[in-house]
Amino acid sequence: MSGASTQATRIARGKADAEKIFPILKEKFGDGIVEENVDGIDPFIVVDKKIVLELAEFLKTEEELSFDLLSLISGVDYLPKDDAEGRIEVVYFLDSTKHYHRLMVKVSLPRDDASLPSVENVWSAADWHERETFDLVGVVFEGHHKLIRILCAEDWEGHPLRKDYVIPEQYHGIKNIVY
Amino acid sequence: MPATDDIRTEEMLLNMGPQHPSTHGVFRVVIRTDGEMILETESHIGYLHRCFEKIAENVSYLQVVPYTDRMDYLAAMINNLGFAEGVEKLMQLEVPERAQYIRIIVCELNRIASHLLAFGTYGMDLGAITPFLHAFRDREKLLKIFEKICGQRLNYSYVRIGGVAFDITEEMLRDIEDFCNYFEPEVLDEFDRLLSYNGIFIARTANVGVIPKEMAIDFGLTGPNLRGSGVKRDLRKDEPYCIYDRFTFDVPVGSGENGTTGDCWDRYMVRIREMRQSINIVRQALAAVPDGSFIDKKASKTVKPPKGEVYHKVEGARGELGFHIVSDGTAIPYRVKTRGPSFCNISILDSMTQDGGVMLADVVAIIGSLDIVMGEVDR
């Protein structure tokens, strides 16, 4: 069942990379790294919002790491549930074309004040990804040169991918008919 | 004749609107030009936004599969594969061997179909009408094969979670083998004679739209665009998924043969050479398809992954196609975020034109060489 074997290889490789990379980051940033998860299908670290910009530059310029390809910035909205507070998670997926390892970095933000420094000066790919995360999830990236909506119309109200988003009944007179 | 000091020389703001024969979909570029030279462009996307990610949060995993087809509608099998494999990774599901080989065959055939369309329409954008008809003649043969396999020509929903939707018969395998023997080497050589080394084509694409290696990586370019700039990065080799580790094939890389490394000609040539490699892979797979079941019937009926999240990447026809799937333990996904390769590829256009030296006709050549499909950009 070889599909499982490429899966298993990928998971094992991810774990080995994490065990090599996470101690380097922990040593440099100490308390900035809030949580490390080495055992998931995709290992990730959760960092504090304050160190995001410094971490981004370190990840790109440090020789051993050289994460030069920003693959994706994803925003996930978690509503408050019985045991957990609500939060918005912004996840950065990074790749290295030199060392062939990858990294998943998460930042946890409060739902009513989701803002984060922009990393577009570190990876130019972040430009459009941050615009999309702002447009759909409502995360404000400070320092972005032009944070305007990219997929929805410019005068759209609300952030559609939030879990408490209410679909508007009409837009410029065009009604939203539900049969 | 009017005197020459009457000629107006101010800048012009030109709208290459959402409806345009050369923008490969609904893509709007607002261009500020000084005569023929471009000063600045501003891209606007979102005309094909169909809220795939919001819909995926309201339907079950099995129902999401047809929506994934419609993202990159020219290479739909690969989209299905990315999503199916992501969910299988979350569920720790093993897919039968026969299904794995069938997946490889259809995905590589779909890559060829997608590159054929890219090749044909690129020639047509630049004024070469004949290669378009040749490309579509061969694409039609592929679409007939797909219609035999799963009943659909374009949006297949064939690769499902747990395997593939229908079994593939001996007759279909023979048809695929006949296609491979017909296509390579004669037809591919014909394309080279028709377009690749044509003087006018080279004049319009070589040294045009040069993307240096560092800029390509910085902007998150992937797929044939990144390989055209000289970076040898292919997910099928670097991070193998499905059973790609069992096949031997080359990864063509641009090297500035007719101009500079990273120009439009390099990106175009990488796609032509990739078609040859895809036929190579299909031939190897055809020789080794085992018997067995084509889907894990039990697991594919009730898809309820445990709580967790995964990011699965596959090598789409246009680059790295990624699915970030977050599951909360129910039969409905919590969040499905897609990384469409064309979204990142087209974001480089504004930075390429701001340094000057790009002429109005070059914008068409650049957009065509980046090979975008708006379904993926907007989702």
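Residues numbered from 1 in each chain as written. Chains lettered and ligands numbered in written order. Predicted model: local features only at pLDDT ≥ 70, side-chain atom pairs only at ≥ 80, totals over all residues.

(A) Local environment of the overall build of chain A. Within chain A one finds three helices and nine strands. Counting helices and strands in the order they occur from the N terminus, chain A gives α-β-β-α-β-β-β-β-α-β-β-β. Its C-alpha atoms give chain A principal-axis dimensions of about 55 × 45 × 35 Å. Buried positions account for 39% of the 179 residues belonging to chain A. Across chain A, the fraction of contacts at a sequence separation of at least 24, relative to all contacts at a separation of at least 6, is 48%. (Helix = DSSP H or I, 4+ residues; strand = E, 2+ residues; numbered from the N terminus. Buried ≥ 20, exposed ≤ 12 C-beta atoms within 10 Å, placed from the backbone. Contact = placed C-beta atoms within 7 Å.)

(B) Layout of the interface of chain B and chain A. At the junction of the two partners, chain B supplies 40 residues and chain A supplies 32 residues. Breaking the side of chain B that touches chain A down by element, the ones donating at least two residues are α1 (52–56), α3 (76–91), α4 (97–125), α8 (213–218), β6 (308–315), β7 (320–327), β8 (335–339) and α13 (341–346) of chain B. Along the lines of polarity and charge, the residues of the side of chain B that touches chain A split into 15 nonpolar, nine polar and 16 charged. (Nonpolar A, V, L, I, M, F, W, Y, C, P; charged D, E, K, R; others polar.)

(C) Representation of the sheet that holds strand β1 (residues 12–16) of chain B. Residues and elements named next belong to chain B. Ordered in space as β1-β2-β3, the three strands form an open sheet in which the pairing is antiparallel. At either end of the open sheet lies a strand with only one pairing partner, and these are β1 and β3 (37–44). Along the sheet, successive strands turn relative to each other by an average axial angle of 20 degrees, direction set aside. Bridge count between β1 and strand β2 (residues 28–34): five bridges; the pairing is antiparallel. Within β2, the residue paired with leucine 13 across the bridge is arginine 32. (Pairing = 2+ DSSP bridges. Axes fitted to C-alpha atoms, helices over the stretch in contact; angles between N-to-C directions.)

(D) Spotlight on the packing of helix α6 (residues 170–196) of chain B against helix α11 (residues 264–286) of chain B. All names here are of chain B. Between α6 and α11, the least distance of the axes is 10 Å, while the angle of their chain directions is 160 degrees. Comparing the axis directions of α6 and α11 gives the class roughly antiparallel. Considering only the axes of α6 and α11, their crossing is left-handed. Contacts from Leu173, Ile176, Glu177, Cys180, Phe183, Glu184, Leu188, Phe191 and Ser196 in α6 reach Met269, Ile272, Met275, Arg276, Ile279, Val282, Arg283 and Leu286 in α11. In terms of residue class, the contact of α6 with α11 is made up of 12 nonpolar, one polar and four charged. (Parallel < 35°, antiparallel > 145°, perpendicular 65-115°, else oblique. Left-handed = near helix turned anticlockwise from the far one by under 90°.)

(E) Spatial organisation of the environment of leucine 194 of chain B. All names here are of chain B. By the secondary structure assignment, leucine 194 is in helix α6. Separated by 84 residues in sequence, leucine 194 and serine 278 have C-alpha atoms that sit 21 Å apart. Residues contacting leucine 194, with those up to four places away along its chain left out, are Thr130, Pro131 and His134.

(F) Spotlight on the confidence of the model for chain A. Of the residues in chain A, 96% reach a pLDDT of 70 or more, and the chain-wide mean stands at 87. When mean pLDDT is compared element by element in chain A, helix α3 (residues 126–137) of chain A scores highest at 92, while helix α1 (residues 2–29) of chain A scores lowest at 81. (pLDDT = per-residue confidence, 0-100.)

(G) Structural detail: helix α2 (residues 52–61) of chain A. When we look at burial in α2 of chain A, the residues that qualify are Val52, Leu55, Ala56 and Leu59 of chain A. For α2 of chain A, the arc enclosing every buried residue in end-on projection is 100 degrees, short of the 170-degree limit, so these residues lie on one face. (Arc of directions from axis to C-beta.)

(H) Highlighting the packing of α4 of chain B against helix α5 (residues 130–150) of chain B. All names here are of chain B. For the pair α4 and α5, the least separation of the axes is 9 Å and the interaxial angle reads 155 degrees. The orientation of α4 with respect to α5, classified from their angle, is roughly antiparallel. Both α4 and α5 take part in a crossing whose hand is left-handed. Listed contacts from α5 to Val106, Leu109, Ile112, Ala113, Leu116, Leu117, Phe119, Gly120, Thr121, Gly123 and Met124 of α4 are Pro131, Phe132, Ala135, Phe136, Asp138, Arg139, Leu142, Ile145 and Ile149. When its residues are assigned to classes, the contact of α4 with α5 shows 15 nonpolar, three polar and two charged.

(I) View of the nonpolar core. With 149 residues, the main nonpolar core has Leu94 of chain A together with Met77, Val87 and Ile105 of chain B as its most contacted residues. A total of 15 residues in this core trace back to one element, the largest contributor, which is α4 of chain B. When residues no more than four places from it in sequence are discounted, the contact partners of valine 87 of chain B are Tyr61, Ile161, Val303, Pro305 and Ile325 of chain B. (Core = buried A, V, L, I, M, F, W, Y, C linked by C-beta atoms within 7 Å.)

(J) Representation of the sheet that holds β6 of chain B in the model. Residue and element names in this part refer to chain B. Spatially, β6-β7-β8 is the arrangement adopted by the three strands of the open sheet, whose pairing is antiparallel. Each edge of the open sheet carries a strand with a single partner, namely β6 and β8. Strand-to-strand twist of the sheet, defined as the mean angle between neighbouring strand axes without regard to direction, takes the value 10 degrees. Pairing between β7 and β8: five bridges, direction antiparallel. Bridging across to β8, histidine 324 finds its partner in lysine 337. Contacting β6 and β7, α3 crosses the sheet at an angle of about 145 degrees to β6.

(K) How the structure looks around the environment of asparagine 345 of chain B. Structurally, the position occupied by asparagine 345 of chain B is in helix α13. With 26 C-beta atoms counted inside 10 Å, the residue asparagine 345 of chain B sits in the buried group.

(L) Up close: the pairing of β8 of chain B. Extensive coverage of β8 of chain B is indicated by the burial of five of its five residues. Alternating residues of β8 of chain B divide into Arg335, Lys337 and Arg339 of chain B and Val336 and Thr338 of chain B, and every residue in both groups is buried.

(M) Unusual backbone geometry, seen in detail. Along the chain, glutamate 184 of chain B connects to proline 185 of chain B via a cis peptide bond; the corresponding omega equals 10 degrees. In the Ramachandran plot, tyrosine 100 of chain A falls in the positive-phi region, its phi being about 55 degrees despite a non-glycine side chain. Here tyrosine 100 of chain A lies in the loop between β4 (87–95) and β5 (102–109). The exposure class assigned to tyrosine 100 of chain A is exposed, which follows from the 12 C-beta atoms found within 10 Å.

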